[in-house]
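Residue-level listing of the chains:
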Amino acid sequence: MSMSTPNTLWDDDKMVLTSEDALPSRHYHDLGRPSRSGISHYIFRRQFIASCVALAIVSVAALALFTLVTTPAQLQALLPIPPVTEVEDAQSFVLGPPTQSFRDNLRNDTKYITSWLNAGWTNDVMTIGNLLYLALITERVPILTSFVPSHIGPEAPPIPFGHVFDVPRLSKALRIPVLEWDQVKDVNSSTLDELGCWAVWPVVAEGASPRDSDLISLLSLDLSYTRAPDWVKLTPPGIDDKHVSLWSLARLAYPEARQSAMSQPPDPSPQHQAWEWNWDYSPVWRFVGQHMHWNATLENLAEEHARRAMNVSDNEPTPPCESCTVLVVSPSLRTVDQFISIHMRHGDFRIYCNEYTEDQCFVPLPAIARRVAEIQQELLDRKGINVTHVIMTSDERDPNWWAEVRNYGWTWVDYAAERTVEKHGRWYPVLLDAILQSRGVGFIGTEYSTMSLLAFRRVQDWHDGAVRMAKWGWPGADDH
């Protein structure tokens with residue numbers, strides 16, 4: 001199992017995994033030298049372990065903070081209690097309403113894992129998926145944080161996980177309780193809680209300090225770090241790779257491995273080659289990610305935007321198709337979605353164009369049109385569906401490029417004309433784009449984009465859709 005990595009918190013029996021930005025503002029100590037300076041690495045009162053780790057897949061981008069706290073075995077095969085079916089069931093895994101100090105609300109018979117985020121929204125989604133997978137394999141109750149606007153703008157407030165994703169449905173699918181921080185600690189609390197961390201980022205990024213997150217101060221947490229052992233790294237020493245093994249990291253949730261990590265020199269890193277999201281067999285996607293469906297209110301809002309973009313009336317499917325006797329069945333959809341969605345990421349990818357101009361580097365629109373034709377033919381052959389509607393999503397700002405998109409007969413959601421930000425907030429354009437990308441019966445993405453990767457997985461597995469990734473980086477990269 002693999003993931004990009006940062007830090008690790010800990011408190012003897014309750015383990016916390018979290019991520020880190022290279023901000024040396026927290027206490028930091030090397031492996032084997034725990035300290036009680038200011039914050040204790042060992043919080044015996046609640047036996048709580050924390051692990052600050054970036055649990056996303058693609059290079060250093062997806063870095064996150066995770067915290068494990070203790071509860072009875074979570075895997076359904078091992079659970080003596082019935083699976084969670086209602087959101088109220090999750091609330092029974094804390095002592096009561098939110099408290100001033102999170103420790104006052106934790107059960108003594110329960111272990112937990114939590115995380116704070118700061119890596120861009122899509123990477124943070126992947127981080128939470130990795131966190132939930134760790135919760136499964138360590139038999140802990142996850143406590144999920146809000147998403148932070150690291151790529152949205154500082155004026156936007158954090159948005160709770162449950163405002164974006166359907167938590168009761170996710171909890172039922174995973175058969176474990178899923179908590180959010182506002183169920184555990186009062187969001188207005190000024191009580192500063194001390195917490196210890198395993199620092200993972202210094203293991204994979206030599207000389208780096210533990211990563212930080214705005215959520216730490218928002219949650220009134222005071223963190224201290226201990227460097228994780230080298231064997232959590234995915235690749236052997238000397239290889240420049242910023243991923244750790246999820247299963248190796250999970251060892252730190254258990255007393256024997258934890259004691260060994262504190263008393264022995266690092267042992268060789270195990271060889272693993274599993275990417276947690278990239279493939280249809282990737283464990284985090286299979287066991288967690290595919291169950292992270294959208295909040296119904298947010299999905300309805302995305303459908304309203306899509307209808308207006310495609311000039312579809314409220315009493316028609318979204319949009320109409322020539323052969324609606326063949327329907328695309330998806331557990332996440334309430335209407336027939338007959339369109340192809342595209343995500344073309346340009347923006348910060350420009351720095352990878354090197355000596356090529358943007359026209360030479362990025363996928364040209366004729367190549368995208370070729371991919372659209374491929375998907376249309378596959379859908380016709382495989383499903384008997386003739387799909388003509390295409391929705392483009394992109395961070396491109398050149399109006400001439402968008403005019404060319406229009407020339408192909410494709411459309412997009414005009415968030416400025418919709419006044420989406422004014423009506424709903426800064427988060428909504430990126431959230432609605434992600435939902436629209438996932439709702440197509442076909443999808444074309446940008447290679448190496450994590451946002452495209454998740455849309456690719458969702459369309460393929462939620463809708464049995466036709467999917468492609470367009471290659472870029474040099475002239476003719478997507479020729480085939």
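The sections below set out a description of the structure shown in this document. Just so you know, these numbers come straight off a predicted model, no measurement behind them.

Here is what the cut-offs are and how they apply
By convention here, each chain's residues receive numbers from 1 onward along its written sequence. Reporting in this predicted model follows two pLDDT cut-offs: at least 70 for local features of residues, and 80 or more for side-chain atom pairs to be given and counted; totals over whole chains, interfaces and linings ignore these cut-offs and use all residues. For the side-chain quantities, the full set of heavy atoms in the structure was used; hydrogens and water were omitted. A carboxyl oxygen of Asp or Glu within 4 Å of a side-chain nitrogen of Lys or Arg is what we treat as a salt bridge. A run of H or I in DSSP counts as a helix once it spans at least four residues, and a run of E counts as a strand once it spans at least two, with each numbered from the N terminus. All axes are obtained by fitting lines to C-alpha atoms, using only the stretch in contact for helices, and the reported angles, taken between N-to-C directions, cover 0 to 180 degrees. Each angle gets one of four labels, with under 35 degrees taken as roughly parallel, over 145 as roughly antiparallel, 65 to 115 as roughly perpendicular, and the rest as oblique. For this analysis, residues touch if any pair of their heavy atoms sits within 4.5 Å. Here the nonpolar group is Ala, Val, Leu, Ile, Met, Phe, Trp, Tyr, Cys and Pro; Asp, Glu, Lys and Arg are the charged ones; every other residue, Gly included, is treated as polar. Take the far helix as your reference; a near helix turned counterclockwise from it by less than a right angle gives a left-handed crossing, and one turned clockwise gives a right-handed crossing. Here the expected span of a helix is defined as 1.5 Å times the quantity of residues minus one. Buried, partly exposed and exposed residues are distinguished by accessible area as a fraction of the type maximum, computed with a 1.4 Å probe on protein chains only: under 20%, between the cut-offs, and over 50%, respectively. N or O atoms closer than or at 3.5 Å make up a polar contact, with two conditions inside protein: a donor-capable atom paired with an acceptor-capable one, and, for residues adjacent in sequence, both atoms drawn from side chains. DSSP-based pairing: two strands are paired if at least 2 bridges between them are found.

1. Quick word on the pattern of salt bridges
Under the counting rule described, the total for this entry stands at 20 salt bridges. Residue Glu-418 is joined to Arg-308 by a salt bridge in which the shortest nitrogen-to-oxygen separation is 2.9 Å. Of the two residues, Glu-418 is situated in helix H15 (residues 415-418) and Arg-308 in helix H11 (residues 296-309); the sequence distance between them amounts to 110 residues. Lys-383 is the partner of Asp-464 in a salt bridge, and the nearest nitrogen-oxygen pair spans 3.3 Å. Placement of the pair is Asp-464 in the loop between helix H18 (450-463) and strand E16 (466-470) and Lys-383 in helix H13 (residues 365-383), with a sequence separation of 81 residues.

2. What to know about the packing of H11 against helix H17 (residues 428-439)
It is the contact of H11 with H17, at a shortest axis distance of 9 Å, that shows an interaxial angle of 80°. Considering their axes alone, H11 and H17 lie roughly perpendicular with respect to each other. Contacts from Leu-298, Glu-299, Leu-301, Ala-302, Glu-303, His-305 and Ala-306 of H11 reach H17 at Tyr-428, Leu-431, Leu-432, Ile-435, Leu-436 and Arg-439. Among the residues making up the contact of H11 with H17, the classes are represented as 9 nonpolar, 1 polar and 3 charged.

3. Re the packing of H17 against H18
Interaxial distance between H17 and H18 falls to 7 Å at its minimum, and their mutual angle equals 40°. With respect to their mutual orientation, H17 and H18 come out oblique. Handedness of the crossing formed by H17 with H18: right-handed. Facing H17, whose interface residues are Val-430, Asp-433, Ala-434, Gln-437, Ser-438 and Arg-439, H18 presents Met-451, Ala-455, Arg-458, Val-459, Trp-462 and His-463. Counted by class, the contact of H17 with H18 contains 6 nonpolar, 3 polar and 3 charged residues.

4. Section: H11
Counted at 1.5 Å a residue, the expected span for H11 with its 14 residues is 20 Å, and the 20 Å between its end C-alpha atoms agrees. Those residues of H11 that fall on the buried side of the exposure criterion are Leu-298, Glu-299, Leu-301, Ala-302, Glu-303, His-305, Ala-306, Arg-307 and Ala-309. Against the buried residues of H11 lie helix H3 (161-164), strand E14 (389-394), H15, helix H16 (420-424) and H17. Capping of H11 at its N-terminal end is provided by Asn-295; its side-chain oxygen lies 2.8 Å from the backbone amide nitrogen of Thr-297. Looking one or two residues beyond H11, the residue adopting positive phi is Asn-311, at roughly 55°.

5. Points about the pairing of strand E13 (residues 339-344)
Burial of E13 is extensive: 6 of the 6 residues sit out of reach of the surface. Inspection of the sheet shows E13 paired to E14 by 6 bridges, in the parallel sense. Paired with Phe-339 across the strands is His-389, a residue of E14.

6. Digging into the sheet that holds E14
Strand pairing in a sheet is mediated by backbone hydrogen bonds. Such pairs are either parallel or antiparallel. The strand order E14-E13-E15-E16 describes an open sheet built from 4 strands, whose pairing is parallel. Looking at which strands have only one partner, the edges of the open sheet turn out to be E14 and E16. Averaged over neighbouring strand pairs, the angle between their axes works out to 15° when direction is ignored. Here 3 bridges tie E13 to strand E15 (residues 442-446), and the two strands are oriented parallel to one another. Across the sheet, the residue bridging to Ser-341 is Phe-443, located in E15. Strand contacts of H17: E13, E14 and E15, with the helix running at about 130° to E13, the strand carrying the most contacts.

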